[in-house]
Amino acid sequence: MKNNFSHLFQPLKVNSIMLKNRIFSSPMGMPAHHKVLSTTYYGNVSLFDKSAGGAAVVFGGAEAFADDNCEYPKYSRDEMREALSVMRQYGAKAAKGVMPHKRIDLSRNPRDMFEVFGAYAPSPYMTRTGKLAIEMTKADIQEMLQEGVKEAIAAKNFGFDMLYCGAVHESLAAQFLSPAFNKRTDEYGGSLENRMRFAIEHVRTIRENIGPDFPIVFAVSASHFLKNSFEFEDILALIGEVKDMVDLIHVTAGLDVVPGYFQDDPIIDTSLGLEAWYWVNGKHCQSIFEPPMTNVHWAAKVKEKYPDKLVSVNGSITTPQDAEEIIAKGWADAVVLGRPLNADPYFGRKAQEGRSEDIVPCLRCLYCYHSATIHTNTQCSVNPRYRRENRVPLELGEAKLKKRVVIIGAGPAGCKAALTAHERG
Ligand SMILES: Cc1cc2nc3c(=O)[nH]c(=O)nc-3n(C[C@H](O)[C@H](O)[C@H](O)COP(=O)(O)O)c2cc1C
Ligand code: SF4
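What you see is a predicted model; the values in this text were computed from it and never measured. (Residues numbered from 1 in each chain as written. Chains lettered and ligands numbered in written order. Predicted model: local features only at pLDDT ≥ 70, side-chain atom pairs only at ≥ 80, totals over all residues. Heavy atoms only, no water.)

Here we take up the site of ligand 1. Near ligand 1, the surroundings consist of 22 residues, among which Ser26, Pro27, Ser316, Gly338 and Arg339 are the closest. Contact distances for ligand 1 include 3.3 Å between an oxygen atom and a side-chain N or O atom of His169. Within the backbone of Gly338, an N or O atom sits 2.8 Å from an oxygen atom of ligand 1. Contact with the protein chains hides 93% of the accessible area of ligand 1, taken as 610 Å² for the molecule alone. The class makeup of the residues in the shell around ligand 1 is ten nonpolar, eleven polar and one charged. (Near = heavy atom within 4 Å. Polar contact = N/O pair within 3.5 Å; in protein donor to acceptor, adjacent residues only side chain to side chain. Areas by Shrake-Rupley, 256 points an atom, 1.4 Å probe, with all protein chains shown as cover. Nonpolar A, V, L, I, M, F, W, Y, C, P; charged D, E, K, R; others polar.)

See below:
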């Protein structure tokens, strides 16, 4: 197969496993109630198409939580077993998120479980449901670190190929690192050394418990785009502390969900009104108004500082040409694609087969992004199969019953309808 992407389709060894190429599918977790709305299987994130479409690694979400025996609940097991078998079928490796998320309150719904149990946080900020988060005691910190270990063991035992953890987005490790969320005065707050402590212990306890050969990806948000949060230099320092315990550094940015705020210390520029929130979510999941390859300049700096470490990067990498350039120029070793694989999960396969002009590009319209659509949408503007693989066929055969068709309107939808009608005879 002839293509112009010799770097993109080079295999990559990550610890004990060999990846078939440099394309990873970005974490695309879904709020639980979206699972109820969606009728698709395969772990609710179009894993079938993404695996069949050529991704070397598919990141599952961090939603399934293991019990004290390091086992997942029955229905999570059923769903994940199906997802893993689909990934295996196509030679993709499965990565499982192991963020100790269980007690972070990212909900907007005051009736959620945190009403009863209380949400954990480094410091007692106001959560989005208007409840005060509980400042974690040292015993709580130990409990959360053990949660991470349980998740890691469960993922390894269940058959996942890699783990994904880190000080990323709104994860507890990122909250501890961030002075915007962490006001502690003990050894977990204050100086950078103290704010890094939770993240370092998180990685160390996982590595000690899963052994040296199991691949770990450590993800970082290069910036939170919040007032008073950490600096990129803090992230570089943290990478320096954990790099020998992990196998690949993944560079992303921003927050998916802002977990809370201190009323007397605004974390956004409130004078900007609603626009201020754009600077958080719109930088994490970028719109068409942002430049492409948004996080690559940070990944390149990580690579420059730690040249022996494998680095991956995501954020608006929408064409195989851009992906190839990133790897060819040594800015990163792998690209992690989120929405581009929602729009066209067959991105990798088409590029490899020399058919990159057939790739349906992501518009960066944010229609699929739950934060942008206030958790009301589960669709993609350009891929009707996204999360509906079981009822929207990949290819439409010739129609059994042929009819005369009139198409009114010659925009993109009208043209596509005409082409489809033609293909179906
Ligand atoms: C529908 C949707 C769900 C997402 N879920 C997660 C998630 O569970 N965990 C995560 O770290 N990032 C999540 N993200 C962010 C993506 O992984 C990625 O960082 C972001 O979309 C930017 O990359 P892209 O331009 O390749 O899409 C999600 C994004 C979208 C659009
Ligand atoms: S809905 Fe829009 S942003 Fe999301 S994948 Fe589809 S085209 Fe891209």
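Around ligand 2, 13 residues are found, and the nearest of them are Cys362, Cys365, Leu366, Cys368 and Cys380. Considered class by class, the residues forming the shell around ligand 2 number nine nonpolar, two polar and two charged.

With that settled, consider the layout of surface pockets. By volume, the second largest pocket amounts to about 1,000 Å³. If you trace the second largest pocket, you find 27 residues lining it, with Lys350, Val360, Pro384, Leu394 and Lys416 closest to the centre. Counting only elements with at least two residues in the lining of the second largest pocket, the list comes to helix H13 (347-352) and helix H14 (412-423). Counting residues per element, the lining of the second largest pocket draws most heavily on H14, at seven residues. Looking at the lining of the second largest pocket residue by residue, the class counts come to 14 nonpolar, three polar and ten charged. Per-domain counts for the lining of the second largest pocket show at least three residues from each of domain 1 (12-394) and domain 2 (398-425). (1 Å grid on protein atoms, 1.4 Å probe; cavity = no way out; pocket = protein on both sides within 12 Å on 5 of 7 lines; lining within 4 Å. Points joined across faces, edges and corners; volume = space filled by probe spheres on them. Helix = DSSP H or I, 4+ residues; strand = E, 2+ residues; numbered from the N terminus. Domains from an automatic or database assignment.)

Before going further, it helps to examine the pattern of salt bridges. All told, the structure shown has 17 salt bridges when counted by the stated rule. One salt bridge connects Glu353 with Arg355, and the closest N-O pair in it is separated by 2.9 Å. For the salt bridge of Lys402 with Glu398, the shortest nitrogen-to-oxygen distance reads 2.5 Å. Looking at Glu398, the relative accessible area reads 57%, which means it is exposed. Through salt bridges with shared partners, a single network forms among Asp68, Glu147 and Lys150. (Salt bridge = Lys/Arg side-chain N within 4 Å of Asp/Glu carboxyl O. Buried < 20%, exposed > 50% of the residue type's maximum accessible area, 1.4 Å probe, protein only.)

Below, the discussion takes up the packing of helix H8 (residues 232-242) against helix H10 (residues 296-305). For the pair H8 and H10, the least separation of the axes is 11 Å and the interaxial angle reads 40 degrees. Relative to H10, the element H8 lies oblique. In this structure, H8 meets H10 at a crossing whose hand is right-handed. Here Phe232, Leu236 and Ile239 of H8 come into contact with H10, specifically with Trp298, Lys301, Val302 and Lys305. A per-class count over the contact of H8 with H10 returns five nonpolar, no polar and two charged. (Axes fitted to C-alpha atoms, helices over the stretch in contact; angles between N-to-C directions. Parallel < 35°, antiparallel > 145°, perpendicular 65-115°, else oblique. Left-handed = near helix turned anticlockwise from the far one by under 90°. Contact = heavy atoms within 4.5 Å.)

A separate point is empty space enclosed by the protein. Summed over the entire model, instances satisfying the criterion amount to one cavity of 30 Å³ or more. Around the largest cavity, the lining comprises 14 residues; the ones closest to its centre are Cys362, Cys365, Cys368, Cys380 and Ser381. Within the lining of the largest cavity, the residues separate by chemical class into nine nonpolar, three polar and two charged.

Attention now goes to helix H3 (residues 74-89). Across its 16 residues, H3 extends 23 Å between first and last C-alpha, which sits within 8% of the 22 Å expected from 1.5 Å per residue. Residues of H3 that are buried include every one of Ser76, Met80, Ala83, Leu84, Val86 and Met87, and no others. The buried side chains of H3 occupy one side of the element, clustering within an arc of 160 degrees when seen end-on. Among the exposed residues of H3, those oriented more than 90 degrees off its buried face are Tyr75 and Gln89. Of the surrounding elements, those touching the buried residues of H3 are helix H2 (47-52), strand S4 (57-59), strand S5 (93-97) and helix H5 (138-158). (Expected span 1.5 Å × (residues − 1). Arc of directions from axis to C-beta.)

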